[in-house]
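In case you want the letters, here they are:
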Amino acid sequence: MSDELSQRDTIDLAGCELRTARGSELRRARDFARAVVDRALRARGIEPWYGAPGGRDWERESALQAFLQAQPGARFVVCERAGELIAVARTTRFETMDEALEVVVAPEYSHRGLGRALLAELWSGTPTPDLGRLAVVPGTTADLNLYLPFGVMPVAGRWHLRIPVALYRERRAAEVVDEDPAPVHVLETGTALETWAELEEGVLGYARPWLHEWFARDRVALGVVAGGGTPDAVCWVSAEGDVGPAVARRPEDLVPVVLAALDRVASACEAPELAIQCTTPAWWLLRRLRLLGFRLHWPSWILSSVPCPALDRYLPVQPPALL
Ligand SMILES: CC(C)(COP(=O)(O)OP(=O)(O)OC[C@H]1O[C@@H](n2cnc3c(N)ncnc32)[C@H](O)[C@@H]1OP(=O)(O)O)[C@@H](O)C(=O)NCCC(=O)NCCS
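Residues numbered from 1 in each chain as written. Predicted model: local features only at pLDDT ≥ 70, side-chain atom pairs only at ≥ 80, totals over all residues. Heavy atoms only, no water.

A. Up close: the confidence of the model for the chain. Of the residues in the chain, 92% reach a pLDDT of 70 or more, and the chain-wide mean stands at 90. Within the chain, helix 1 (residues 3-9) has the poorest average pLDDT of any element, 38, and strand 13 (residues 314-315) the best, 98. Low pLDDT, under 50, characterises residues 1-11; the stretch is placed with 10 contacts to residues that sit more than four places away or in other chains. (pLDDT = per-residue confidence, 0-100. Helix = DSSP H or I, 4+ residues; strand = E, 2+ residues; numbered from the N terminus. Contact = heavy atoms within 4.5 Å.)

Right, here's the structure in full:
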C-alpha cells in the first residue's frame, strides 16, 4: 500500500461526530445535500432539478422521503463537526434490496475518506443473495469510484430528460404515428397494484409492494388495457407533474402509457418544462422521447450487486429519489 493510501485510510476524524440521525433531521440533511449537489452540478454547467415543474415544497417532498426512511432496515447517518453538518448518507430497504438514497460530503472535507466511512457504516461486509445493494449515482468518477468497492457494478444508465412544455405540445400535435394508439385508461387502485405485483419482480429482480401502496395514495395510475386480464403497462402520475415509475409487459408497451402520462401533465401544467427519468436500455421509449425533442440534462448510473433483469420495460421514480 502506498504512503498516500495508508495516510488516507487512517484519516483523522477527530472533532467529527458520525451518528445515526433522527427522522426530524431529514430536512436539514436534504438542504445540506442539495446545496452541495447544486454547486457540483452548476460547476459542470447543469441546471439542478428536483422534481415537480416550478419547484417542490418540502411538505410534499418530505412525505416520500420520510416514508422511505421509516421502513424497517432503512438507515440515516450524518457527520458533524462543531455542530455543522459535513456529510450525510441514507439507505432504504425493500425485501431483498438495500438502496442507497444519497451519500454527500461537503467539498471542504472531500477526498479524505469520509464518503467511504459513511458508506461502510451503512453497507458493511459484502452483499448477499438475500440482501443485494443498489444505488443510482451521478456519472462522476468520484461517485463511481466511491461505490464500486462496495460490491455494486454498473448495470445501466438513468437519464434525466427535459423538454419545454410548449415544444412538447407542438410536437405531439404534429406527430404522425402509423399504428393505432394503444388504449390508455385510468386504472382502479387494485388493478394498478396487481399489475405492479405481476410485473415488477421480473423487471427489477425484487418487488416494492409498500412503495406502490404509497404511490396509490398520492398518484393516479394510467394503464394500457389491450384485452382481458391485467394491463400491459402501468404508470403513476401525480397532480404535481411527476411521471413514473412505470412498468410494462414488453418494452414497446412502455411508450403509450408514459406518453399518456406526459400528455396529462402537459395539458394541465403551468410550468415551462416537463421532466422524466429514463433508463438507457428502454430504447423504444428513449427513441420516441428523443424524436419529440427531449434533451439529456443529467446522466446517472444504476449500480447494483445483481443484474436488473429487464430495465428496458421500466421507467424510474420521479422525483428521482429512487430507481
Ligand atoms: C462522491 C463523494 C460522496 C465522495 O466523498 P469523499 O468523502 O470525497 O470520498 P472519499 O474521500 O471517502 O473517497 C472514497 C473513494 O472515492 C473516490 N473519489 C473520491 N473523490 C474523488 C475524486 N475527486 N476523483 C476521483 N475519485 C474520487 C476514490 O476512489 C476514493 O478512494 P481512493 O482515493 O482510495 O481511490 C463526494 O465527492 C460528494 O459528496 N460529491 C458530491 C455529490 C454530487 O454533487 N453529485 C452530483 C455531481 S454532478
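B. How the structure looks around the pairing of strand 4 (residues 97-105). Within strand 4, 9 of the 9 residues are buried, which leaves it mostly tucked inside the rest of the structure. Pairing between strand 3 (residues 84-94) and strand 4: 8 bridges, direction antiparallel. Residue A89 lies in a different strand from strand 4, and its bridge partner there is V103. The hairpin turn running from strand 3 into strand 4, its antiparallel successor, is 2 residues long. (Buried < 20%, exposed > 50% of the residue type's maximum accessible area, 1.4 Å probe, protein only. Pairing = 2+ DSSP bridges.)

C. Layout of the side chain of Q65. Inspection of the secondary structure assignment puts Q65 in helix 3 (residues 58-69). Its relative accessible area of 11% is what places Q65 among the buried residues. Discounting residues that sit within four places of it in the chain, Q65 has contacts with L26, R90 and A321.

D. Just the domain arrangement of the chain, in detail. Structurally, the chain comprises domain 1 (3-157) and domain 2 (159-299 + 307-313). Taken residue by residue, the interface counts 30 residues in domain 1 and 28 residues in domain 2. Where domain 1 abuts domain 2, roughly 2400 Å² becomes buried across the two surfaces, and 66% of that area is made up of carbon and sulfur atoms. At the surface where domain 1 touches domain 2, the tally comes to 0 salt bridges. Inspection of the region where domain 1 meets domain 2 yields 2 residue pairs in polar contact (both at pLDDT 80 or more). Contributing elements (two or more residues each) for the side of domain 1 that touches domain 2: helix 2 (26-43), helix 3, strand 3, strand 4, strand 5 (132-138) and strand 6 (153-164). Among the elements that line the side of domain 1 that touches domain 2, the one with the most residues is helix 3, at 5 residues. Among the residues forming the side of domain 1 that touches domain 2, the class breakdown is 17 nonpolar, 7 polar and 6 charged. (Domains from an automatic or database assignment. Buried area = accessible area lost by both parts, 1.4 Å probe. Salt bridge = Lys/Arg side-chain N within 4 Å of Asp/Glu carboxyl O. Polar contact = N/O pair within 3.5 Å; in protein donor to acceptor, adjacent residues only side chain to side chain. Nonpolar A, V, L, I, M, F, W, Y, C, P; charged D, E, K, R; others polar.)

E. Region of interest: the packing of aromatic side chains. Scanning the model with the defined rule gives 8 aromatic pairs in all. Between F67 and W210 the ring centres are 5.3 Å apart and the planes differ by 70°, which places this aromatic pair in the edge-to-face class. Here F67, found in helix 3, pairs with W210, found in helix 8 (residues 209-218); they are 143 residues apart in sequence, far enough to count as distant. Accessibility expressed as a relative area gives 18% for W210, which makes it buried. Between F215 and W236 the ring centres are 6.3 Å apart and the planes differ by 35°, which places this aromatic pair in the tilted class. Of the two residues, F215 sits in helix 8 while W236 sits in strand 9 (residues 233-238), which places them 21 residues apart along the sequence. In terms of burial, F215 and W236 fall into one category: buried. (Phe/Tyr/Trp six-rings, centres within 6.5 Å; stacked < 30°, edge-to-face > 60°.)

F. Representation of the packing of helix 9 (residues 254-268) against helix 10 (residues 283-292) in the model. Where helix 9 meets helix 10, the closest approach of the two axes is 9 Å, and the angle between their N-to-C directions is 40°. On the basis of the axis angle, helix 9 is oblique to helix 10. Read as a crossing pair, helix 9 and helix 10 show a hand that is right-handed. Between helix 9, through L254, V255, V258, L259 and L262, and helix 10, the contact on the second element is made entirely by W284, L285, R288, L289 and L292. The class makeup of the residues in the contact of helix 9 with helix 10 is 9 nonpolar, no polar and 1 charged. (Axes fitted to C-alpha atoms, helices over the stretch in contact; angles between N-to-C directions. Parallel < 35°, antiparallel > 145°, perpendicular 65-115°, else oblique. Left-handed = near helix turned anticlockwise from the far one by under 90°.)

G. Summary view of the nonpolar core. Judged by nonpolar contacts, the single largest core of 36 residues is most densely connected at V88, L114, W123 and Y147. Those elements giving two or more residues to this core turn out to be helix 2, strand 2 (75-81), strand 3, strand 4, helix 4 (114-122), strand 5 and helix 5 (141-147). Those residues in contact with V88 that lie beyond four places of it in its chain are A29, F32, A33, V77, V78, E102, V103, V104 and L118. In this structure, A192, V203, I302 and A321 belong to the second largest nonpolar core, which totals 34 residues. (Core = buried A, V, L, I, M, F, W, Y, C linked by side-chain atoms within 4.5 Å.)

H. Looking closely at the pattern of salt bridges. Counting across every chain of the model gives 23 salt bridges. Where E121 meets R75, a salt bridge forms, and the shortest distance between an N and an O atom there is 3.4 Å. With E121 in helix 4 and R75 in strand 2, this pair connects stretches of sequence that are 46 residues apart. The salt bridge involving R208 is made with E200; its shortest N-O contact spans 2.8 Å.

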